[in-house]
Amino acid sequence: RIRVLDEMARSLYREWFVNYRYPGHESVPLVDSPMGRIPEGWELRAVKDVADIHRGRSYRSKEVADEGGVPFINLKCIDRDGGFRREGIRRFVGDSPEKRAVRKGDIVMAVTDMTQERRIVARAALVPTLDAEFGVFSMDLVRIDPKTQYVKPWLYAYLRYSDCPDHLKLHANGVNVLHLAAERIAEHLVAVPPRSLMSRFGDHLAAMIEAQDVLENRIENLRQTRDL
């Protein structure tokens, strides 16, 4: 059911914002832009104009453990090709955990990749329900917060389901470990639809995201019961 919901979300995003077959599209002509043909009235914006990008926290190995502290969101929490892996969560036991904090619903993106396949770098995920008020995210990730006038589910879907990650990952450099500069993310262009369309899409996607989170919580509870 989680996979089906994710595929529904991907299909809906691509239908509305890639194929431009959104409600009312028949009356909106396509016009030329530096990104190709986009619906009239849509605007090209750099990601930095749409969202604020926050770097993760550097840490020492002794500050990360398997128990205690608060959730530590790290590179292992990013699934290949995007999405969140709960089994990757560890615990942060260092000082001042509120610095570089993340909460349920925050968007995080990997800016590091230990492999040369580039299937993790530039991939986005949503922070799920945590067992604490907040968690800490590592320097291998960035947190991307939409500015007030933009809708978070739309921004997440763009970072997760569009061609954006495939373009960004090509800018990751490194011999043994790939690194993607936050500036590259900030400069990337996105076609921004009218807010009314973003909001309408956001209402659909938010329901799917919440359903996935509820199902993941049930699975985790079953795991814990089994192990007990």
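See the structure printed just above.
Bear in mind the structure is a predicted one, so any value in this text is a computation, not a measurement.

### Things to note about the sheet that holds strand β5 (residues 64-65)
- Here we have five strands laid out as an open sheet, ordered β5-β7-β6-β12-β8, and mixed in their pairing. With one partner strand each, in any of the chains shown, β5 and β8 (101-102) form the two edges of the open sheet.
- Pairing of strand β6 (residues 70-73) with strand β12 (residues 135-137), which is carried by two bridges, proceeds in the parallel orientation. Pairing of F72 across the sheet is with V136, part of β12.

### A short note on the pattern of salt bridges
- By the definition in use, this model includes 23 salt bridges.
- Of the charged contacts in the structure, one is a salt bridge between R160 and D6, with a shortest N-O distance of 3.3 Å. Here the residue R160 occupies a position in helix α3 (residues 152-161), and D6 occupies one in helix α1 (residues 2-17), the gap between them amounting to 154 residues.
- D6 sits in the buried class, given a relative accessible area of 15%.

### Structural notes on the packing of α1 against helix α6 (residues 195-227)
- Contact geometry for α1 and α6: axes closest at 9 Å, N-to-C directions at 165°. Overall, the two elements α1 and α6 adopt an arrangement that is roughly antiparallel. The two elements α1 and α6 meet at a crossing, and its hand is left-handed. Where α1 abuts α6, its residues I2, L5, D6, M8, A9, L12, Y13, W16 and F17 lie against L197, R200, F201, H204, L205, M208, A211, Q212, L215, E216 and I219.
- A per-class count over the contact of α1 with α6 returns 15 nonpolar, two polar and three charged.

### Examining the side chain of T112
- Here T112 lies in strand β10 (residues 112-113).
- Residue T112 is classed as buried on the basis of its relative accessible area, which comes to 3%.
- Polar side-chain contacts of T112 include one of 3.2 Å to the side chain of D140.
- Sequence-distant contacts of T112, defined by excluding residues within four places in its chain, comprise L75, I120, V121, D140, V177, L178 and H179.

### Observations regarding the environment of I53
- Tracing the backbone through its elements, the reader meets I53 in strand β4 (residues 51-55).
- By relative accessible area, which is 24% here, I53 ends up partly exposed.
- Measuring from C-alpha to C-alpha, the distance between I53 and V136 comes to 15 Å, with 83 residues separating the pair along the chain.
- Not counting residues up to four positions away in its chain, the partners in contact with I53 are V47, V142, R143, I144, A182, I185 and A186.

### Overview of the packing of aromatic side chains
- Per the counting criterion, the structure on display carries twelve aromatic pairs.
- Between Y13 and F17, the aromatic rings sit 5.3 Å apart at their centres with planes inclined by 35°, giving tilted as the arrangement. One end of the pair is Y13 and the other is F17, both in helix α1 and four residues apart, which spans about a single turn.
- Among the residues examined, F17 registers a relative accessible area of 6% and is labelled buried.
- Centroid distance Y13 to F201: 6.0 Å. Interplanar angle 65°. Geometry classified as edge-to-face. In this pair, Y13 is assigned in helix α1 and F201 in helix α6, connecting sequence segments 188 residues apart.
- On the accessibility criterion, Y13 (3% relative accessible area) is buried.
- Counting every residue linked through ring pairs, the aromatic cluster contains Y13, W16, F17, Y20, Y22, W42 and F201.

### Some remarks on the nonpolar core
- Grouped together as the largest cluster of nonpolar side chains are 46 residues, with contacts concentrated most on I144, W154, L159, I185 and F201.
- Among the elements that make up this core, the one with the highest residue count is α3 (seven residues).
- Not counting chain neighbours up to four residues away, the residues in contact with I144 comprise A51, D52, I53, I107, M109, L155, L159 and I185.

### So, the sheet that holds strand β13 (residues 141-146)
- With respect to topology, four strands assemble into an open sheet ordered β4-β13-β9-β11, the strand pairing being antiparallel. Pairing within the sheet leaves two strands with one partner each, and these edge strands are β4 and β11 (124-126). Within this sheet the neighbouring strands show an average axis-to-axis angle of 30°, counted without direction.
- Bridge analysis of strand β9 (residues 107-110) against β11 gives three bridges, and the strand direction is antiparallel. Paired with V108 across the bridge in β11 is A125.

Conventions and cut-offs
- Residues numbered from 1 in each chain as written.
- Predicted model: local features only at pLDDT ≥ 70, side-chain atom pairs only at ≥ 80, totals over all residues.
- Heavy atoms only, no water.
- Pairing = 2+ DSSP bridges.
- Helix = DSSP H or I, 4+ residues; strand = E, 2+ residues; numbered from the N terminus.
- Salt bridge = Lys/Arg side-chain N within 4 Å of Asp/Glu carboxyl O.
- Buried < 20%, exposed > 50% of the residue type's maximum accessible area, 1.4 Å probe, protein only.
- Axes fitted to C-alpha atoms, helices over the stretch in contact; angles between N-to-C directions.
- Parallel < 35°, antiparallel > 145°, perpendicular 65-115°, else oblique.
- Left-handed = near helix turned anticlockwise from the far one by under 90°.
- Contact = heavy atoms within 4.5 Å.
- Nonpolar A, V, L, I, M, F, W, Y, C, P; charged D, E, K, R; others polar.
- Polar contact = N/O pair within 3.5 Å; in protein donor to acceptor, adjacent residues only side chain to side chain.
- Phe/Tyr/Trp six-rings, centres within 6.5 Å; stacked < 30°, edge-to-face > 60°.
- Core = buried A, V, L, I, M, F, W, Y, C linked by side-chain atoms within 4.5 Å.

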